[in-house]
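Here are the chains, one letter per residue:
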There are 2 protein chains.
Amino acid sequence: MAKVEFNIACSLCEHLKDSLFNGLSPEDLSRINNHKTCIQYKKGQNIFYEGTRPTGLYCMNAGKVKVFKNNVQGKEFIIYIAKPGDFLGYRALLSEEFYQATATVLEDAKICFIPKENFFEVLQKNPAFMKRVVRAVCHEMGVMEEKLAELAHKSVRERLAANLLMLKETYGMEGEGSSLIDLALSREDLASIVGTATETVIRLLSDFKADGLIAFEGKKIRVLDAKKLAKQADLIVA
Amino acid sequence: MAKVEFNIACSLCEHLKDSLFNGLSPEDLSRINNHKTCIQYKKGQNIFYEGTRPTGLYCMNAGKVKVFKNNVQGKEFIIYIAKPGDFLGYRALLSEEFYQATATVLEDAKICFIPKENFFEVLQKNPAFMKRVVRAVCHEMGVMEEKLAELAHKSVRERLAANLLMLKETYGMEGEGSSLIDLALSREDLASIVGTATETVIRLLSDFKADGLIAFEGKKIRVLDAKKLAKQADLIVA
DNA sequence: AATCAAACCTGATAAAAGTCATCTTTTTGT
DNA sequence: ACAAAAAGATGACTTTTATCAGGTTTGATT
């Protein structure tokens, strides 16, 4: 499949305000802009592969990308789902290691690639930017610590409920109460987020639906009763 | 209990070579040194608490400290065990958030405290140091991604075996084949590392012992057959 | 419209692991 | 040295969840 390029100036990117590049000086931003390559990807295409060496940073302009690891038996665990404005592949780049995960497009995406030389140049010349990156990375670490504790001691039911709430917060549509999870996730992908079997997710989702906590709208899920869902997640001690 | 101070110049600290402070200029190192407070802690004392605001960085000189989260039912999950040379509490400091975990002394410890102003001063004046910190943080994130995938899809038996091997690598004594895990962990703490119940750890440990994979030496565990243990951990697909 | 594949769903079953109760051993504090 | 507390161990039982096997529905492609 041929790579389809597109082009948008970083300074005009609608997601700049949500991105870590926000606050960069015009010169620094144009340094990024002048060296980037922007590519359109179709659902199912891979951005990078586990075990390969990073050569730059990806910055999401449109679409959704899942970052996941495969275990020995081929079971997938989704570490993160990147949305517009997010950086992608920065962990391995900054730790100077190989990618430890694979990135695959979930919904048709537009992604800009910034060669590592240019990214590092801006990073090193700009302590305030570096500080923002460090803060974001360390915040992300905190999120992962939370996930670890959750995975260790919560039931699948609790984890599914908690993840639905998290997905609503993170990928909820603007307006209309933000109750629709704006992600066309398969049951299999949802299982890979929660860390369980596909069949278990299917059963629990129909439980939640029967209890009026959620509803299905096409491939998407709407959260009908966030409070009861939070109780299922054991976030509220009732 | 009164706090017992002690003092060692950073430049003479035997763990400097293993620490992120290694490579700092003499001026920067003395800036750290001149503002630090070094305290001796007894087993069971707390260094910091979940929900409080960090005011500086801790740097381990001796002993072992567990960093853990408590869930709603009071079950503990150990995120990390800090050893001499390690930084402690840097995540919340650098993300400018409250501590998300509590730190408690496992083995009598000597820990230096560096006020955040002085740490940030050195960090900002020294791009190479900043880069090393970022690299270390991102490496740690990779370790956590690995743990997440492991927790999601591996059995308790596999996780216990994998963690015993990890503990051997990380806390193994120098010399004598490094096969003795130099950590006096209770069964309960080990369960909090693996993410399971204490009884399950006890049963699995006696299985491993019966199979000649490990041996108990006082409160410590010796790995007798790392290869078979790796097979139990499903790290080797036989 | 027919066909194929993928996704989704359901039921039965088995394995894994948690919980609870009880007992023994070790450690700690006075 | 002794009592009390904590840690370790074991058995019985229950719950949760994975797995397998078989269905149906949906969606894409020709």
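A few points on the structure.

### Let's talk about the sheet that holds strand S8 (residues 180–181) of chain A
All names here are of chain A.
- An order of S8-S10-S9 is seen for the three strands of this open sheet, with the pairing classed as antiparallel. The sheet is open, and its two borders are formed by S8 and strand S9 (214–217), each paired with just one other strand.
- Pairing between S9 and strand S10 (residues 220–223): four bridges, direction antiparallel. Within the sheet, the bridge partner assigned to Ile 214 lies in S10 and is Val 223.
- The sheet contacts of helix H7 (residues 198–210) involve S9 and S10, and relative to S9 the element is tilted by about 110°.

### Comments concerning the nonpolar core
- The biggest cluster of nonpolar side chains holds 98 residues, and the ones touching the most others in it are Phe 21 and Phe 119 of chain A together with Phe 21 and Phe 119 of chain B.
- Among all residues touching Phe 21 of chain A, those that are not within four sequence positions of it are Leu 16, Leu 29, Ile 32, Leu 57, Cys 59, Phe 87, Ile 114, Phe 119, Phe 129 and Arg 132 of chain A.

### Comments concerning the protein's contact with DNA strand D
- Around DNA strand D, the surrounding shell holds 14 residues, and the nearest of these are Val 156, Thr 196 and Thr 200 of chain A together with Arg 187 and Arg 203 of chain B.
- Put simply, the parts of the chain that give the surface near DNA strand D at least two residues each are H7 of chain A together with helix H7 (198–210) of chain B.
- Residues belonging to the surface near DNA strand D are distributed by class as follows: three nonpolar, four polar and seven charged.

### Topic: the protein's contact with DNA strand C
- Arg 187 and Arg 203 of chain A together with Val 156, Thr 196 and Thr 200 of chain B are the nearest of the 14 residues found near DNA strand C.
- By atom count, sugar and phosphate contribute 59% of the portion of DNA strand C lying within 4 Å of the protein.
- Contact distances for DNA strand C include 3.0 Å between a phosphate oxygen and a side-chain N or O atom of Lys 219 of chain A.
- Within the backbone of Val 156 of chain B, a nitrogen or oxygen atom sits 2.6 Å from a phosphate oxygen of DNA strand C.

Scoring rules and cut-offs
Residues numbered from 1 in each chain as written. Chains lettered and ligands numbered in written order. Predicted model: local features only at pLDDT ≥ 70, side-chain atom pairs only at ≥ 80, totals over all residues. Heavy atoms only, no water. Pairing = 2+ DSSP bridges. Helix = DSSP H or I, 4+ residues; strand = E, 2+ residues; numbered from the N terminus. Contact = heavy atoms within 4.5 Å. Axes fitted to C-alpha atoms, helices over the stretch in contact; angles between N-to-C directions. Core = buried A, V, L, I, M, F, W, Y, C linked by side-chain atoms within 4.5 Å. Buried < 20%, exposed > 50% of the residue type's maximum accessible area, 1.4 Å probe, protein only. Near = heavy atom within 4 Å. Nonpolar A, V, L, I, M, F, W, Y, C, P; charged D, E, K, R; others polar. Polar contact = N/O pair within 3.5 Å; in protein donor to acceptor, adjacent residues only side chain to side chain.

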